Structures are given as structure tokens and as C-alpha cells.
Amino acid sequence: VDMIAQLIGTGAEAVAFNNTRITAATAGFREVAKGIVMHGSFLRPPYHIDVIGPPESLLNVLRQDGGIIERIEKNTPGIKILVAPKETIVIPGTD
């Protein structure tokens, strides 16, 4: 949840979480126990986040020392976050 907020705050034009479009107004999206509740569904890892936006800015904010990736990996044993820039990404529309 914090990572998505960080991406939106850094200029992401579109974000999808497990193939569901997320906007600044998305409701019902929160962390619980060992998963995430989104639109009333309980989701477990692995999670997949697609983002469209300024690649250099988004990569810099994610990978900076003490940034969101470093904090999540440090505070969540066993988790590994992979970032893979792509030329083409399809984000679903909003409902």
C-alpha cells in the first residue's frame, strides 16, 4: 500500500495491482495480516504492480537508499521486490 502511494505521489500516470486499476480514489485497499484486502477480496503474495509514468523518476524513488523497496525488504523477512522496466505496459481501465 505504501509503495503504491509513493508511486502515485511520484508521478505515476496509471497503476494496476494484480491487474486491477488503482487510482487516488480507490477505496477498500488495505493491508491486513499477511495479505491485502482490495475490493472485498483477500489477496496473498506474490503481488504484481504495473505502473505507467516517468521511468527515471519512478525508478529513482523506488531504489533510493532508505527508500520504499529497502524498507519493505528490511522489515519483511523473505520478501524480494523485483523492478523490471518495460517498453509496453497495458493497464486495465477503471470500472
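Up top is the structure these notes are about.
Only a predicted model underlies this, so the values are computations on that prediction, with no experimental measurement involved.

Rules used throughout
- Residues numbered from 1 in each chain as written.
- Predicted model: local features only at pLDDT ≥ 70, side-chain atom pairs only at ≥ 80, totals over all residues.
- Heavy atoms only, no water.
- 1 Å grid on protein atoms, 1.4 Å probe; cavity = no way out; pocket = protein on both sides within 12 Å on 5 of 7 lines; lining within 4 Å.
- Points joined across faces, edges and corners; volume = space filled by probe spheres on them.
- Helix = DSSP H or I, 4+ residues; strand = E, 2+ residues; numbered from the N terminus.
- Nonpolar A, V, L, I, M, F, W, Y, C, P; charged D, E, K, R; others polar.
- Pairing = 2+ DSSP bridges.
- Axes fitted to C-alpha atoms, helices over the stretch in contact; angles between N-to-C directions.
- Salt bridge = Lys/Arg side-chain N within 4 Å of Asp/Glu carboxyl O.
- Buried < 20%, exposed > 50% of the residue type's maximum accessible area, 1.4 Å probe, protein only.
- Lys, Arg positive; Asp, Glu negative; His and termini not counted.
- Polar contact = N/O pair within 3.5 Å; in protein donor to acceptor, adjacent residues only side chain to side chain.
- Arc of directions from axis to C-beta.

This part takes up the layout of surface pockets. As a volume, the largest pocket reaches approximately 1,300 Å³. Residue lining of the largest pocket: 41 residues in total, with Met3, Tyr47, Ile49, Ile81 and Leu82 positioned closest to the centre. The set of elements that each furnish at least two residues to the lining of the largest pocket consists of helix H1 (2–9), strand E3 (29–32), strand E4 (35–38), strand E6 (49–52), helix H2 (55–63) and helix H3 (68–75). The leading source of residues in the lining of the largest pocket is H3, at five residues. A class-by-class count of the residues in the lining of the largest pocket yields 29 nonpolar, five polar and seven charged.

So, about the sheet that holds E4. Reading across from one edge, E3-E4-E5 is the order of the three strands in this open sheet, with antiparallel pairing throughout. Both edges of this open sheet fall to E3 and strand E5 (41–43), since each of them pairs with a single strand only. Strand-to-strand twist of the sheet, defined as the mean angle between neighbouring strand axes without regard to direction, takes the value 30 degrees. Note: E4 against E5, three bridges, orientation antiparallel. Considered in E5, the bridge of Val37 is made with Phe42.

Oppositely charged side chains can form a pair if their charged atoms are brought close together. If you walk through the whole model with that rule in mind, you get one salt bridge. Notably, a salt bridge pairs Glu73 with Lys80, separated by 3.8 Å at the nearest N-O pair.

Structurally, the position occupied by Asp50 is in strand E6. Buried Asp50, no salt bridge; nearest opposite-charge side chain is Lys86, N-O distance 5.0 Å. Reaching out from Asp50, the side chain makes a polar contact with the side chain of His48 at a distance of 3.0 Å.

As a further point, take H1. For an α-helix, 3.6 residues make a turn, and residues three or four places apart therefore share a direction. The set of residues buried in H1 consists of Met3, Ile4 and Leu7. Down the axis of H1, the buried set is contained in an arc of 100 degrees. They therefore lie on one face. H1 presents Asp2, Ala5 and Gly9 as exposed residues on the side facing more than 90 degrees away from its buried surface.

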